Amino acid sequence: MDIFIKILGLLIGLGFIYLAYQFFFNGNKIISWIQKRKYNATSEPRSSEIMVSKLIGCLLFIVGIYYSIIAILSFFS
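Residues numbered from 1 in each chain as written. Predicted model: local features only at pLDDT ≥ 70, side-chain atom pairs only at ≥ 80, totals over all residues. Heavy atoms only, no water.

1. Description of the overall build of the protein chain
Within the protein chain one finds three helices and zero strands. Since a compact globule built from 77 residues should have a radius of gyration of about 11 Å, the 16 Å found for the protein chain marks it as more spread out than a globular shape. Projected onto its principal axes, the C-alpha positions of the protein chain cover 50 × 20 × 15 Å. For the protein chain, contacts bridging at least 24 residues in sequence account for 70% of all contacts bridging at least 6. Surface exposure of the protein chain reaches about 5,900 Å², of which carbon and sulfur atoms provide 73%. (Helix = DSSP H or I, 4+ residues; strand = E, 2+ residues; numbered from the N terminus. Rg over C-alpha atoms; globule rule 2.2 N^0.38 Å. Contact = heavy atoms within 4.5 Å. Areas by Shrake-Rupley, 256 points an atom, 1.4 Å probe, with all protein chains shown as cover.)

Rendered as structure tokens:
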């Protein structure tokens, strides 16, 4: 059971890193998807929306790295 939790923590960390990649590099696509879901219409994302998307990507990357490092270090203890 202990190894399952460690692997799950690593997968969660890697999932956060994947989401960070999507937000940082595919911000326009993510913003358009959110607009389509909320307003049933899309428009060209403004520069402030793109900046917030990149900021969210950076924060998710930091969280993902944190969880991944904690999970990897737990394998050695």
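2. Some thoughts on the pattern of salt bridges
With the rule as written, the count across this model stands at two salt bridges. As a salt-bridge pair, Lys-6 and Asp-2 come within 3.3 Å of each other at their nearest N and O atoms. Linking Lys-6 with Asp-2, this pair stays in helix α1 (residues 2-25), spanning four residues, or about one helical turn. Owing to a relative accessible area of 51%, Asp-2 belongs among the exposed residues under this scheme. (Salt bridge = Lys/Arg side-chain N within 4 Å of Asp/Glu carboxyl O. Buried < 20%, exposed > 50% of the residue type's maximum accessible area, 1.4 Å probe, protein only.)

3. Details of the packing of aromatic side chains
This model, assessed by the stated rule, comprises four aromatic pairs. An aromatic cluster of at least three residues, connected via ring pairs, comprises Phe-16, Tyr-66 and Tyr-67. We note Lys-54 situated over the ring of Phe-24; from NZ or CZ to the ring centre the distance is 4.8 Å. (Phe/Tyr/Trp six-rings, centres within 6.5 Å; stacked < 30°, edge-to-face > 60°. Lys NZ or Arg CZ within 6 Å of the ring centre and 35° of its normal.)

4. Describing helix α3 (residues 47-75)
Between its first and last C-alpha, α3 extends 42 Å over 29 residues, near the 42 Å set by a 1.5 Å rise per residue. Ser-53, Gly-57, Leu-60, Gly-64, Ser-68, Ala-71 and Ser-74 are the residues of α3 that are buried. Those residues of α3 that are buried lie in contact with α1 and α2 (27-39). (Expected span 1.5 Å × (residues − 1).)

5. Thoughts on the environment of Phe-61
When you line up the elements, Phe-61 lands in helix α3. Considered as a pair, Phe-61 and Leu-19 are 42 residues apart in the sequence and their alpha carbons are 8.0 Å apart.

6. Looking at the packing of α2 against α3
Across the interface, α2 lies against α3 with an axial gap of 9 Å and an inter-helix angle of 110°. Looking at the two axes, α2 sits roughly perpendicular to α3. Residues Gly-27, Asn-28, Ile-31 and Gln-35 of α2 pack against Glu-49, Ile-50 and Ser-53 of α3. Here the residues of the contact of α2 with α3 sort into two nonpolar, four polar and one charged. (Axes fitted to C-alpha atoms, helices over the stretch in contact; angles between N-to-C directions. Parallel < 35°, antiparallel > 145°, perpendicular 65-115°, else oblique. Nonpolar A, V, L, I, M, F, W, Y, C, P; charged D, E, K, R; others polar.)

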